[in-house]
Amino acid sequence: MRIVIRWFLLGIATLMLFCCLGIAQNSMPTFSIAISAPETAKHGAAVMVNVTVTNVSNSTIHFDGDFPNHGERNFNIDVLDSQGNPAPETVYMKAIRGEDQGPGPTHIVIVGHLVQRDLAPGATWKEEADLTTVFNLEPGTYKVRFSRPDFQDDRMEQVSPKQTHSETKNSPLPSNAQPPPVKPKAVAKSNTITVNIVP
């Protein structure tokens with residue numbers, strides 16, 4: 001009887017282990033993001049960030065977005081100063097996200113066509129983004145990281161209409177697009193780089 005119980009408990013433990021491994025694997029994004037930029041830039045000059053997206057899964061993935069020379073519209077971008085405070089956003093960034101632009105004239109952003117790109121396993125896609133178009137960067141040192149939710153078909157789960165807006169409000173979709181009625185099971189995050197803005 002004790003042997004039967006032991007084998008029963010061992011079977012349950014093994015099943016739980018495989019379930020945990022399956023959940024962990026499903027939570028991994030299907031693509032990676034790598035970014036690079038000059039370490040130093042002059043205040044007022046463009047700060048171009050090169051973005052490389054790589055399919056790290058075993059199947060073809062679909063990567064939607066705006067034109068590749070407007071990477072700021074296709075990713076969430078975090079820029080922190082030396083004190084850990086977020087860099088102030090430009091009116092253009094607020095317009096992209098559909099946020100309140102504050103007093104003054106309202107800016108309207110005309111986005112390009114939403115293009116779907118199929119990436120085979122191991123394939124890469126390159127984009128670029130100018131940080132100065134979306135953040136007001138005064139002289140100082142900044143930490144920069146890009147991220148993007150993984151909305152692949154097998155990486156999503158249904159949410160109620162009440163949850164949809166709150167769960168997808170940070171999605172890099174154009175502000176005039178309807179967010180999908182799903183939430184991602186994974187978010188791809190890039191490496192963190194340092195950019196120094198000098199006078």
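Reading the values: rules and limits
- Residues numbered from 1 in each chain as written.
- Predicted model: local features only at pLDDT ≥ 70, side-chain atom pairs only at ≥ 80, totals over all residues.
- Heavy atoms only, no water.
- Helix = DSSP H or I, 4+ residues; strand = E, 2+ residues; numbered from the N terminus.
- Buried < 20%, exposed > 50% of the residue type's maximum accessible area, 1.4 Å probe, protein only.
- Contact = heavy atoms within 4.5 Å.
- Pairing = 2+ DSSP bridges.
- Axes fitted to C-alpha atoms, helices over the stretch in contact; angles between N-to-C directions.
- Phe/Tyr/Trp six-rings, centres within 6.5 Å; stacked < 30°, edge-to-face > 60°.
- Lys NZ or Arg CZ within 6 Å of the ring centre and 35° of its normal.
- Core = buried A, V, L, I, M, F, W, Y, C linked by side-chain atoms within 4.5 Å.

## Thoughts on the environment of Asn85
- Within the secondary structure, Asn85 is located in the loop between strand E5 (76–80) and helix H2 (91–97).
- According to the relative accessible area criterion, Asn85 is partly exposed, its value standing at 41%.
- Once the C-alpha coordinates of Asn85 and Tyr142 are considered, the two residues, 57 residues apart in sequence, prove to be 9.5 Å apart.
- With residues near it in sequence (within four places) discarded, Asn85 still touches Val79 and Leu80.

## Re the sheet that holds strand E1 (residues 31–36)
- Pairing is antiparallel in the open sheet, where 3 strands are placed in the order E1-E3-E7. This sheet does not close on itself; its edge strands, each paired only once, are E1 and strand E7 (124–130). Across the sheet, the mean angle from the axis of one strand to that of its neighbour is 20°, orientation sign disregarded.
- As defined by bridge partners, strand E3 (residues 48–55) adjoins E7 across 7 bridges and the pair is classed as antiparallel. Residue pairing across strands places Thr52 opposite Lys126, the latter belonging to E7.

## A word on the environment of Asn50
- Looking at the element boundaries, Asn50 is found in strand E3.
- For the pair Asn50 and Glu128, spaced 78 residues apart in the sequence, the C-alpha separation amounts to 4.6 Å.
- Residues contacting Asn50, with those up to four places away along its chain left out, are Ala34, Ile35, Ser36, Glu127 and Glu128.

## Brief notes about the pairing of E3
- When E1 meets E3, the two strands line up antiparallel, connected through 6 bridges. Each bridged residue has a counterpart across the sheet, and for Ile33 the counterpart in E3 is Val53.

## Regarding the packing of aromatic side chains
- In this structure the tally under the stated criterion is 3 aromatic pairs.
- Directly above the aromatic system of Phe63 lies the positively charged group of Arg148, at a separation of 4.1 Å from the ring centroid.

## Here's the deal with the nonpolar core
- In terms of nonpolar packing, the biggest core is built from 28 residues, with Val79, Leu131, Leu137, Val144 and Phe146 touching the most fellow members.
- If we skip the residues at most four places from it in the chain, Leu137 touches His43, Val47, Val79, Ala87, Leu131, Thr132, Tyr142 and Ile197.

## Things to note about the pairing of strand E12 (residues 193–198)
- Residue alternation in E12 divides its side chains into a buried set, Ile193, Val195 and Ile197, and an unburied set, Thr194, Asn196 and Val198.
- Here 3 bridges tie strand E2 (residues 40–42) to E12, and the two strands are oriented parallel to one another. Residue pairing for E12: Thr40 is matched across the bridge by Asn196.
- Two strands pair when backbone bridges link them, and strand E8 (residues 140–149) and E12 are joined in this way by 5 bridges, in the antiparallel orientation. The partner of Gly140 across the bridge, within E12, is Ile197.

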